[in-house]
Amino acid sequence: MFENDHNENGMENTQFDSQPVNDELSVSGVDNVTKKGKGRKAALIGGISAAVVVGGSATAYAASDTVKNQVKLRLSSPEKYYAWVTENNSKNLGQILSENYKKSIDNMEKGTEAKFKLSFEPTQNAKDMLIDEVFGGKSNEETKQFEDIIKNNDSIGIAVDCSSKKGKTEGSFGLELSDKRVVGIDAAIDADAMDYFVRIPELKEQWIGVSLGETMDELMSDEEANAVLQTYKDIMNDPASFLSPEELETEVNRYAGVWANFADEVKLEKKESVDICDITVNYTVATVELTEMDTCKLGVEFLKELKDDDIIRDIVVDKIKVVDDKDEYKKSINDALDELKEQLEEDDFDEDTVFTIDTYIDPTGTIRGFGFEAEEEKLTMVLGKDGNDVRGEMKFVSDGEEEFSVKLTAEEEGKDKYSGDVTIEYPKTSYDYDEDEGKMRSNTETQKAVIKFDEFEVVDKEKGYFNGDFVINIPDVDPIDLSFSSDGKQQEVSYELRFDGTDYGKLKFAYSVDYGTSVDVPGKDSAFMVDVKDADNFKLEEYATQDEFNKFAKGIMTQVGIDDKTADELAKYATEELYDAADSGLDIDDDDFDWDDDEFDFDDEDREEKKTTSSAFDDDDDDYSFNFEFDPSQFKYEDYKDFMTEEEFNEFVEEMKKYYDEYSSTAGSSATTTKKAS
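Reference entry: report on the structure contained in this document. (Residues numbered from 1 in each chain as written. Predicted model: local features only at pLDDT ≥ 70, side-chain atom pairs only at ≥ 80, totals over all residues. Heavy atoms only, no water.)

Further remarks concern the pairing of strand E7 (residues 195-199). Across the two faces of E7 the burial differs, with Asp195, Phe197 and Arg199 buried and Tyr196 and Val198 not buried at all. Strand direction decides the pairing type here: E7 and strand E8 (residues 208-211), joined by four bridges, are antiparallel. The partner of Phe197 across the bridge, within E8, is Gly209. (Buried < 20%, exposed > 50% of the residue type's maximum accessible area, 1.4 Å probe, protein only. Helix = DSSP H or I, 4+ residues; strand = E, 2+ residues; numbered from the N terminus. Pairing = 2+ DSSP bridges.)

On a regular strand, each side chain points to the face opposite its neighbour's, so the side chains alternate between the two faces of the sheet. Pairing geometry for E8 and strand E22 (residues 528-529), over two bridges, is parallel. Across the sheet, Gly209 pairs through a bridge with Met529, a residue of E22.

This paragraph deals with the side chain of Asn153. Within the fold, Asn153 resides in the loop between helix H5 (141-152) and strand E4 (156-165). Judged by relative accessible area, Asn153 falls into the buried class, the value being 15%. Reaching out from Asn153, the side chain makes a polar contact with the backbone oxygen of Ile149 at a distance of 2.7 Å. Contacts of Asn153, omitting those with residues within four sequence positions, involve Lys127, Leu177 and Ser178. (Polar contact = N/O pair within 3.5 Å; in protein donor to acceptor, adjacent residues only side chain to side chain. Contact = heavy atoms within 4.5 Å.)

The next thing to look at is helix H9 (residues 292-307). In this model, H9 (16 residues) spans 23 Å end to end at C-alpha, consistent with the 22 Å of a helix rising 1.5 Å per residue. Every buried residue of H9 is accounted for by Asp294, Cys296, Leu298, Val300 and Leu303. Close packing links the buried residues of H9 with helix H8 (245-262), strand E10 (279-291) and helix H11 (326-346). (Expected span 1.5 Å × (residues − 1).)

A grouping of Phe116, Leu118, Ile156, Ile158, Phe173, Leu175, Ile185, Val198, Leu507 and Phe509 is seen on the molecular surface, where their side chains present a nonpolar patch of about 760 Å² in accessible area. Mapped onto the nonpolar patch, the elements with two or more residues apiece are strand E3 (112-122), E4, strand E5 (168-177) and strand E21 (502-515). Tracing the sequence through the fold places Val198 in strand E7. Residue class for Val198 comes out partly exposed when judged on its relative accessible area of 36%. (Patch = residues over 30% accessible without salt bridge, like charges linked within 9 Å, V, L, I, M, F, W, Y side chains within 5 Å. Areas by Shrake-Rupley, 256 points an atom, 1.4 Å probe, with all protein chains shown as cover. Salt bridge = Lys/Arg side-chain N within 4 Å of Asp/Glu carboxyl O.)

Here we come to a negative patch on the surface. A cluster of acidic side chains, namely Glu292, Asp338, Glu339, Glu342, Glu345, Glu346, Asp347, Asp348, Asp350, Glu351 and Asp352, defines a negative patch on the protein surface. Sorting elements by how many residues they give to the negative patch places H11 first, with five residues. Here Asp350 lies in the loop between H11 and strand E11 (353-361). (Lys, Arg positive; Asp, Glu negative; His and termini not counted. Charge placed at Lys NZ, Arg CZ, Asp CG, Glu CD.)

Our focus in this paragraph is the pattern of salt bridges. Within the structure shown, the criterion is met by 34 salt bridges. Between Glu121 and Lys508 there is a salt bridge, and its shortest N-O distance comes to 3.4 Å. Linking Glu121 in strand E3 with Lys508 in strand E21, this pair joins segments that are 387 residues apart in sequence. In this structure, a network of salt bridges that share partners links the residues Glu251, Arg254, Glu305 and Asp309.

Within the element layout of this structure, Ser119 appears in strand E3. On the accessibility criterion, Ser119 (10% relative accessible area) is buried. Apart from residues lying up to four places away in sequence, Ser119 is in contact with Ile156, Gly157, Lys506, Leu507 and Lys508.

This is the structure we're talking about:
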């Protein structure tokens, strides 16, 4: 959490060290000796002594950020000291960003493989509850094998394996039971060519592919649109060609320097006591106040720097082509500059301070926090350490009232190991109706969420692996216990599902990241390619036959524990449903709507003729008859035995007969009433 700073000579010192500094540095001299022969010796001794003292002081200055900071603080003006601190910290920030960016690019060149797995391990109690919910507590011979699937598997999970390299990606998504893969989906993407592939390997090894690149080339005749698409591809394949790590570091330092040089009025409070949660630290607080005119002047300085910024100009003009040429780039900036300069000439500004920035600087010259204040609102973010006590605080205050805060309280328990908590306080407003006043009434209370952590330590900073136990307490929610662990090869997270005192099992999530891999994207020649423009005519049968799908479906069912007979019947049913649905597209042509005027010529003769047509409801002026009759003998248990017991079948038939009798009674009554009315 708190690493060691490195000074320019590679020496280390703890960031929160408070090294003693003498206000007066003195060198002890050597008494003069007048005896002949001893003068040269005395001078030599004095010279060596002076060299040791002066050299030691110079080494201390170079090696200790604390000494260096104290010297700058005492010998520089507030403005020069603030500029020095800002530039030093921005330099460190630029180096960190540049190094991380370079690592990301290098890893992309090498290829990155990421693995994820989410699994659930239910308790026996959870299994029993699921069985009861699904089967309604009616266990029989037909349902037993499905119940056994739940009983005999210790976990169910989803596993994802994804690799990417230079714009190409391949991945696998799989369903697992007891850590064994049952079925999955593979996918592959060539982002440059915009080719996309997918398959179910358990069904068929051949890929199904779609080439959007070819389609986009045909549809996008616009040169500008094609240029934008090509730019996107180039950035994805080679981000360093647009902004290199060295250029990123340059830009950070460039614009931090603009701010540092602009702040020409700085107030310094040395050794100011700053309260952070329950500790007090001594920081130098640098305060810069800005008026409306100052903000306008600052805008001018940034635009002037931007106009001469070759890095940004090349990106905007030559690489992403937002503007046509360098002249247009410079003209757009000059126009903005002229507008700000015109405002400065008019001098129609409020002289009051509109924005205040506080910078908290520790004894080593490291910035530990900021405070931003505008009108009646202030945001403060600050970090501090006292011995082994580490504290951090972020709070937002509006009109003198604290609206939101985050407070870190931690204890250092060895090298880079911490225990403590993070407390988040926020307002929550509830409403109720006041009957006496006859209107809604609001009530705002402060809510508190606490995240407790124990023995938090980073195992691998680059990959983000760490150890630690966390408990999240949120109002009106059961505590959430999370355990993070890493062996250096992967990160694991486990969560105990417990609600209202009942344990339901353990939810686990694991991920790992490795660098250095190859990515193979399928060839379009061997894949089953689907024409995007003719996708409506895609026939599933042409890719995988019904026999192939039936075999695939049955294989999955038998693998999870369903017997051959039931698996065969269910696979057959699933195959028929899928292929019937796939083939039931809306095949509509003009003949389906070939109507002429004669078909809509409804005159009295037509109506008289249509009355002679028989139907279930024979409606004429004299009588209404209901001709449908329900026959229970038409229903055979043999047709339903795969889906219900014989007892359930008999209940089903009885219900059908009951509905028929009620419907017949209602229909007959309505017919009699209508007849009497006529």
